[in-house]
Amino acid sequence: LAIKNKAQVIGVILRENEKRIDIGTPEKYSQVLNSLNKWFKKMMKKNKVSVIGLGFVGLTLAIVNAMKDFQTIGIDIDSKKVINANQGKSNFYEPKLEKYLRKSLNSNKISFSENLKDILKTDITFLTVGTPSTKTGEIDLSQLKNVLKNIKKILSQKKTHHLIVVKSSVVP
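Keep in mind that this is a model prediction, so the values were computed, not measured.

Thresholds, definitions, all that
Residues numbered from 1 in each chain as written. Predicted model: local features only at pLDDT ≥ 70, side-chain atom pairs only at ≥ 80, totals over all residues. Heavy atoms only, no water. Pairing = 2+ DSSP bridges. Helix = DSSP H or I, 4+ residues; strand = E, 2+ residues; numbered from the N terminus. Right-handed = clockwise from strand over helix to strand, strands pointing away. Axes fitted to C-alpha atoms, helices over the stretch in contact; angles between N-to-C directions. Buried < 20%, exposed > 50% of the residue type's maximum accessible area, 1.4 Å probe, protein only. Arc of directions from axis to C-beta. Contact = heavy atoms within 4.5 Å.

## A look at the pairing of strand β7 (residues 163–166)
Judged from the 4 bridges that link them, strand β6 (residues 124–127) and β7 form a sheet pairing that is parallel. The residue bridging F126 from the neighbouring strand is V165, located in β7. Handedness of the crossover joining β6 and β7 through helix α6 (residues 142–155): right-handed.

This is the structure in structure tokens:
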């Protein structure tokens, strides 16, 4: 799927009876935003969240979600990050982060895994994988594209909707 503009993204996200919503006019745009807001509120009530990528953004986001009472699974291919997180340790320093991590682990609101298929246990997935700069200054989207390719295969098994939120730096 090639996304050409923000309007197309909203059109892809918001489908009613599998029909694409046209947002060509300001009135339609307002309707779409209202629909998106209602749909997002409905999704947020489901309370099962996964975060892929346990760097600074991902681990922090996973812990905040758990502290906000969302059942959270943090996923990373780096076994060291997963082991440390499951032991209540962070791979970087952020004030009070380990305190909140241990509190979330003790309340069973958070767990960590290397298994990407664990997203099937959740309703919302945040992608927080690296998007480093190349030598020419462009954004390297290879990690993001790789994760998207893999989760597309996994989510094809799921019969319910699943919200994907890209929290990595990408060009609008």
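## Things to note about unusual backbone geometry
Its identity is not glycine, yet K96 carries a phi of approximately 70°, on the positive side. On the secondary structure map, K96 appears in the loop between α4 (79–86) and α5 (97–106). Although it is not a glycine, N108 sits at a positive phi angle of roughly 60°. As for its position among the elements, N108 is in the loop between α5 and β5 (110–113).

## Thoughts on the sheet that holds β6
Strands pair in a sheet through their backbones, by hydrogen bonds, and they do so in one of two ways: parallel or antiparallel. Spatially, β5-β4-β3-β6-β7 is the arrangement adopted by the 5 strands of the open sheet, whose pairing is parallel. Both outer strands of the open sheet, β5 and β7, are each paired with one neighbouring strand and no more. Strand-to-strand twist of the sheet, defined as the mean angle between neighbouring strand axes without regard to direction, takes the value 20°.

## Let's talk about α5
All of the buried residues in α5 are L97, L101, S104 and L105. In a view along the axis of α5, the buried residues occupy a sector of 100°, so they form one face of it. Looking at α5, the residues exposed on the side facing more than 90 degrees away from the buried face are K103 and N106. In this fold, the buried residues of α5 make contact with α3 (56–67), α4 and β5. After α5 finishes, the residue N108 shows a positive phi value of roughly 60°.

## Comments concerning the environment of N84
Relative to the helices and strands, N84 resides in helix α4. Through-space distance from the C-alpha of N84 to that of F112 is 9.4 Å; in sequence the pair is 28 residues apart. Not counting residues up to four positions away in its chain, the partners in contact with N84 are K89 and N91.

## With respect to the pairing of strand β3 (residues 48–52)
Counted residue by residue, β3 has 4 buried out of 5 residues, so it is predominantly covered. Alignment of β3 against strand β4 (residues 71–75), held across 5 bridges, turns out to be parallel. In the strand pairing of β4, K48 is matched with Q71. Where the polypeptide runs from β3 across α3 and back to β4, its parallel neighbour, the crossover connection is right-handed. Across 4 bridges, β3 lies against β6 in parallel orientation. Opposite V51, over in β6, you have F126 as the bridge partner.

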